[in-house]
Amino acid sequence: MPVQCSSCREKRAVLKRPKTGHSLCKECFFWAFEEEVHQTIKAAELFKPGESVGIAASGGKDSTVLAHVMKLLNERYNYGLDLMLISVDEGITGYRDDSLETVKRNQQQYELPLKIVSYEELYGWTMDAIVKQVGLKNNCTFCGVFRRQALDRGAIMLKVDKICTGHNADDVAETVLMNVLRGDIARLRRCTAISTTSEGDGVVPRCKPLKYAYEKEIVLYAYFKKLDYFSTECIYSPNAYRGHARTFLKDLESIRSSSIIDIIHSGENLSVRDGVKMPVQGTCSRCGYISSQALCKSCVLLEGLNRGLPKLGIGKHHRLHDKLLSQQPLTEKEERKLKSVDF
Amino acid sequence: MCQVEEEYREPPLAPAPPSVCKTCVKCKDASAAVVVRAGDPYCRTCFKDYFIHKFRAMLGKNRVIFPGEKVLLAVSGGPSSSSMLRQVQEGLSQNAHKKLRFSPGIVYIDEGGAVGRSLEERLRTASELQAVFRSTGFPFHMVPLEQVLDVPPSVLVPAASSQPAASVYKAAVDGFLQAAGGRRPGAAVQQQDAAGLDVLEAHTASLQQLMDSATSLTARQELLSSLRQHLLVHTARSHGYSKLMLGDSCSRSAVKLLAAVCLGRGAQLAQDTGFSDSRYGDVVSVRPMRDYSAKEIAFYNHMFGVPSVLSPSLTTKTSDKSSIQQLTESFITRLQADFPSTVSTIYRTSEKLQTAGGSSGGTAGTDTCLLCVCVLDTSVGNATAFRSTLVSQCLSDSRAVPSGPDPVSAKQSRPCGGQQCGTRTCSAEDRTPDLKALLCYSCQRTLRDLSSLDRLPHYILSEAQSRARRSQLREEIRDFLLDHHDDDEDDEGLHSPPDPSVVA
């Protein structure tokens, strides 16, 4: 017997919503998904009329769905937003060059302006070159730190007021788990916020309109809408520790599907004891970007690459920051520790 | 310390095989008998000193147990709580270096009725434990879980705290020393509870039915732990104990913390896993074992002959993925094998948290959850995970909304996510409207997994009814109340009990 859609009570249901377990027809699912994103945007007051908003686009499912839904809602509810796409080219042959082709097609389909910023033009290093120097371990640290800054630089070039990213509920829940496992109380407190507050010059406020959307529903949406997206894992990605958290989250979801939202609820309701030491936000004395240290992470990583000491930014070497700032050479003993391990 | 840097821990290189001839790091004399942490070999005597000192340091640092106070030790018979019992014995013994000065009692909750053990098995376990308890000379209470069916509804209401402020701790100690003149507390009481278990067969059947009504093991475990907590508090209250000592080890606390995050108990984390928990007001739970790893405890028990009696639990002989709690435990255990700092890192997180609603640990005067007795975390802003699930339910089920005749047009103009969602009209489960509003987020999830709410014990249902009646009354007289924030006369005269964890 065909299952009836629990929303319109007329059509035949084609899917079971991972988030609520309801059976819905295609149209009702589309409506519910889009409406939920709209409710999130409205309730959190993410945008103001007249703002220009950059959509961080990688060509993957999340950002493709985000671009599609943002354009659709902007027209349906007259947000009055000026939307554009920002992409970061990390310089990963066989991965990013292909996914950027998808973004370029999206640009034409959605008729939005596109800006691509590349690691090569910003930092003088492609990820291919970085991996050649540091190896496959820890290269995600470079990529992640550089991407955060690259997006901001791209946003400033485009003069947008805000950036929205395609982080979904699974991503947020996974980050909560990661921060518990790493005991990172500062990030634990911040990571469930739907938008960052204005942090200073050179930093554009960010938000996550898909924060409450299940990854599986995003895939369902993209599938039934036949959206054009790129689905390949990054060739350099095997980040073991996050992988543990991801597997754990998937297992949790299979036991109780509400787990993802339950974890986000936990994260939103944590309160940190008074007097716990928190990092203080300052600015990098070299590039002026936000940083809790004298030198921002990306300057330290870059310095490490340029000095041929790739491990300089991996782990904690705060004591060396003064030396780096005054351009002094490191001692031989210090250098030996920071060179890549030879096998 | 906060981990500021983005850094992924690498599994350390394989440790060098422990050498047999190492000497103790402490006395540098005797040969080592146990390696507590990597690179810290201890000899037998030094390990014992270290272990005993840690217990007293934990109590001394936190200053919540006052001299002469009656403290109820919850002993399940497992390694951790058995070790805790031994530590209390050591601390009260005549020749102890820094003597503990409270008067202890023991409670054992027999959960056999909920797990489906036969009466013979239960009696056997109980008599083994009785022998252990009797040898301590402390008064003890053997309580079958069935007795929770007879507890009064008042167990679900936080009471006013009778505890003196932590600032008078020093004075209280001095006063006690003068008055007691070094007389051993606890020794005076030599009352022995009736042996055996007092169980009615009908009660076991109703308990079993309640457990069976939970459709998931996750919910069953949550339910059992709530019932156990209620019975512990009730036992403490009815025998005049003002402290409840729980044997959660560091490893157990880490698992509990992560499981609590996964169950949506973020707001209650500090109470669920912290050193002291004053949610019940007059009975404060403390967890003095939370500095010990399960491994340390196992070594201590093995080396110094601490007996433990194991009884099967709900998760015995189930797979890793049978429940959220079980999955979390096996996840942490596996991770700990590769990354040895996992447990201590998670555990340290719990020390940086506090209960929602600021530093005052008192729950009197605010609405508390019917099951876990924590402050409700469901009245939250618009842009929250809780609200988003309600919106999702509203949008995917036309029956969930009081809609117009035409579902499509009603949907177009549906005010979902606005004021209507989240109220009782929008709930998908029509069977549980009055209970849902009385529960915290996580306990709502638990009760959603029950096939029937009629099986819940009488004290829970009757407390629910009386709360529902009260809020109905309040609604009726709402217009005449001048101050809407402080409209519950029950709370008059109650003041928030001091939260010792904040002072410490």
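Rules used throughout
Residues numbered from 1 in each chain as written. Chains lettered and ligands numbered in written order. Predicted model: local features only at pLDDT ≥ 70, side-chain atom pairs only at ≥ 80, totals over all residues. Heavy atoms only, no water. Helix = DSSP H or I, 4+ residues; strand = E, 2+ residues; numbered from the N terminus. Buried < 20%, exposed > 50% of the residue type's maximum accessible area, 1.4 Å probe, protein only. UniProt positions renumbered as here; feature names shortened; annotations may be inferred. Core = buried A, V, L, I, M, F, W, Y, C linked by side-chain atoms within 4.5 Å. Contact = heavy atoms within 4.5 Å. Expected span 1.5 Å × (residues − 1). pLDDT = per-residue confidence, 0-100. Pairing = 2+ DSSP bridges. Right-handed = clockwise from strand over helix to strand, strands pointing away. Buried area = accessible area lost by both parts, 1.4 Å probe. Salt bridge = Lys/Arg side-chain N within 4 Å of Asp/Glu carboxyl O. Polar contact = N/O pair within 3.5 Å; in protein donor to acceptor, adjacent residues only side chain to side chain. Nonpolar A, V, L, I, M, F, W, Y, C, P; charged D, E, K, R; others polar. Disulfide = S-S within 2.5 Å. Phe/Tyr/Trp six-rings, centres within 6.5 Å; stacked < 30°, edge-to-face > 60°. Lys NZ or Arg CZ within 6 Å of the ring centre and 35° of its normal. Domains from an automatic or database assignment. Axes fitted to C-alpha atoms, helices over the stretch in contact; angles between N-to-C directions.

Thoughts on the overall build of chain B
A count of helices and strands for chain B gives 18 helices and 9 strands. Per-residue burial over chain B gives 53% buried out of 504 residues.

A word on the UniProt feature "domain: Cytoplasmic tRNA 2-thiolation protein 1 C-terminal" (unreviewed entry) in chain A
Look at the UniProt record and you will see "domain: Cytoplasmic tRNA 2-thiolation protein 1 C-terminal" (unreviewed entry) annotated at residues 282-312 of chain A. For residues 282-312 of chain A, the helix share is 35%, the strand share is 13%, and the end-to-end C-alpha distance is 21 Å.

A short note on the nonpolar core
Core analysis: the largest hydrophobic core is formed by 94 residues, its most contacted members being A:I263, B:F47, B:F55, B:F133 and B:M245. Apart from residues no more than four positions distant in its own chain, B:F133 is found in contact with B:V75, B:L85, B:I106, B:Y108, B:F138, B:F140 and B:M142. Counting 50 residues, the second largest nonpolar core, distinct from the first, contains B:I109, B:V148, B:L231 and B:V233.

Brief notes about helix α7 (residues 217-238) of chain B
Residue and element names in this part refer to chain B. Its 22 residues give α7 an end-to-end C-alpha distance of 31 Å, which sits within 8% of 32 Å, the value for a rise of 1.5 Å per residue. Burial analysis of α7 places 16 of its 22 residues in the buried class, which makes it a mostly covered element. Note on α7: the residue one or two positions beyond its end, G240, has a positive phi of about 75°.

Comments concerning the confidence of the model for chain B
Residue and element names in this part refer to chain B. In the predicted model, chain B carries a mean pLDDT of 80, and 77% of its residues have values of at least 70. The low-confidence segment residues 357-364 (pLDDT under 50) makes 17 contacts with residues lying over four places distant or belonging to another chain. Here residues 402-433 is a poorly scored stretch, pLDDT under 50, and it has 41 contacts once near neighbours within four places are set aside; other chains count.

Examining the pairing of strand β4 (residues 103-110) of chain B
Residues and elements named next belong to chain B. Most of β4 sits out of view: 8 of its 8 residues are buried. With burial as the criterion, each face of β4 is covered, one bearing S103, G105, V107 and I109 and the other bearing P104, I106, Y108 and D110. Here 5 bridges tie strand β3 (residues 70-74) to β4, and the two strands are oriented parallel to one another. The partner of A74 across the bridge, within β4, is V107. Taking the sense of rotation as the criterion, the β-α-β connection linking β3, helix α2 (residues 79-92) and β4 turns out right-handed. Here β4 runs beside strand β5 (residues 140-144); their pairing, made up of 5 bridges, is parallel.

Quick look at the interface of chain B and chain A
Contact with chain B, which involves 72 residues of that partner, is made by 65 residues of chain A. Buried surface at the junction of chain B and chain A, both sides included, amounts to about 6,300 Å², of which 58% is carbon and sulfur. Where chain B touches chain A, the interface holds 4 salt bridges. Here B:K321 ties to A:D251 by a salt bridge, and the two come within 3.3 Å at their closest N and O atoms. Inspection of the region where chain B meets chain A yields 21 residue pairs in polar contact (both at pLDDT 80 or more). Of all the elements, helix α13 (residues 385-396) of chain B adds the most residues to the side of chain B that touches chain A, at 9 residues. Looking at the side of chain B that touches chain A residue by residue, the class counts come to 31 nonpolar, 25 polar and 16 charged. Pairing of strand β8 (residues 271-272) of chain A with strand β9 (residues 353-354) of chain B involves 2 bridges; the strand directions are antiparallel. By the bridge assignment, A:V272 is partnered in β9(B) with B:L353.

Some thoughts on the state of the cysteines
Across all of its chains, the model carries 0 disulfides over all chains by this definition. Not part of a disulfide, A:C28 finds its nearest cysteine sulfur in A:C25, a span of 3.6 Å. Of the residues examined, A:C28 reaches a relative accessible area of 4% and is grouped as buried. With no disulfide of its own, B:C443 has B:C440 as its nearest cysteine by sulfur position, at a separation of 3.6 Å. You can call B:C443 buried: its relative accessible area is 4%.

Structural notes on the pattern of salt bridges
Scanning all chains against the criterion turns up 46 salt bridges over all chains. A:D152 is paired through a salt bridge with A:R148; the nearest N and O atoms lie 3.3 Å apart. Separated by 4 residues within a single helix, A:D152 and A:R148 lie in helix α6 (residues 139-158), roughly one turn from each other. With relative accessibility at 30%, the residue A:R148 sits in the partly exposed group. For B:R334, the salt bridge is made with B:D320, and the minimal N-O distance between the two is 4.0 Å.

Focus on the environment of A:P279
Topologically, A:P279 is positioned in the loop between β8 and β9 (282-283). The spacing of A:P279 and A:D184 is 95 residues in sequence and 11 Å in space, taken between C-alpha atoms.

Observations regarding the pairing of β3(B)
Residues and elements named next belong to chain B. Summarising burial for β3: 4 of the 5 residues are buried, a large majority. Here β3 runs beside strand β6 (residues 243-245); their pairing, made up of 3 bridges, is parallel. The residue of β6 that forms the bridge with L72 is L244.

What to know about the UniProt feature "binding site: ATP" (unreviewed entry) in chain A
Residue and element names in this part refer to chain A. Here the UniProt feature "binding site: ATP" (unreviewed entry) sits at A56, A57, S58, D62, V88, G166 and D171. Note that A56 resides in strand β3 (residues 52-56). The contact partners of A56, leaving out residues within four places of it in the chain, are S63, I86, L151, I163, C164 and T165. Of note, V88 is situated in strand β4 (residues 82-89). Every residue in contact with V88, bar those within four places of it in the chain, is listed here: R96, V117, Y119, R147, A150 and L151.

Some points on the packing of aromatic side chains
Tallied over the entire structure, the rule returns 20 aromatic pairs over all chains. The ring of A:F30 carries the charged tip of A:K225 above its face, separated from the ring centre by 4.4 Å. The ring of B:Y241 carries B:K70 above its face, with NZ or CZ at 4.6 Å from the centroid.

Quick look at the domain arrangement of chain B
All names here are of chain B. Partitioning chain B into domains gives domain 1 (64-163 + 181-358) and domain 2 (385-483). Of the residues lining the interface, 23 residues belong to domain 1; the matching set on domain 2 comes to 17 residues. Interface of domain 1 and domain 2: buried area, both sides summed, is about 1,600 Å²; carbon and sulfur atoms make up 62% of it. Its largest share of buried area at the contact with domain 2, domain 1 owes to P153, L156 and S213, together 27% of the area lost on that side. Here domain 1 and domain 2 share 0 salt bridges between them. At the surface where domain 1 touches domain 2, the tally comes to 6 residue pairs in polar contact (both at pLDDT 80 or more). Breaking the side of domain 1 that touches domain 2 down by element, the ones donating at least two residues are α6 (201-212) and α7. A class-by-class count of the residues in the side of domain 1 that touches domain 2 yields 14 nonpolar, 7 polar and 2 charged.

Describing the sheet that holds strand β6 (residues 162-164) of chain A
Residues and elements named next belong to chain A. On the basis of which strands lie adjacent, the open sheet formed by 5 strands has the order β5-β4-β3-β6-β7 and parallel pairing. Each edge of the open sheet carries a strand with a single partner, namely β5 (114-118) and β7 (206-207). With 5 bridges connecting them, β3 and β4 associate as parallel partners. The partner of S52 across the bridge, within β4, is D82. Where helix α3 (residues 96-110) meets the sheet, its contacts fall on β4 and β5, and the angle it forms with β4 comes to roughly 165°. Strands in contact with α6 are β3, β4, β5, β6 and β7; relative to β4, the strand with the most contacts, it is inclined by about 140°.

Concerning unusual backbone geometry
Most peptide bonds take the trans configuration, and most residues that are not glycine carry a negative phi. Located in the positive-phi region is A:N78, a residue other than glycine, with phi close to 45°. Among the secondary structure elements, A:N78 is positioned in the loop between α2 (61-76) and β4. Here A:N78 falls in the exposed class, since its relative accessible area comes to 64%. In this structure, B:V373 is a non-glycine residue whose phi angle is positive, near 60°. Among the residues examined, B:V373 registers a relative accessible area of 0% and is labelled buried.

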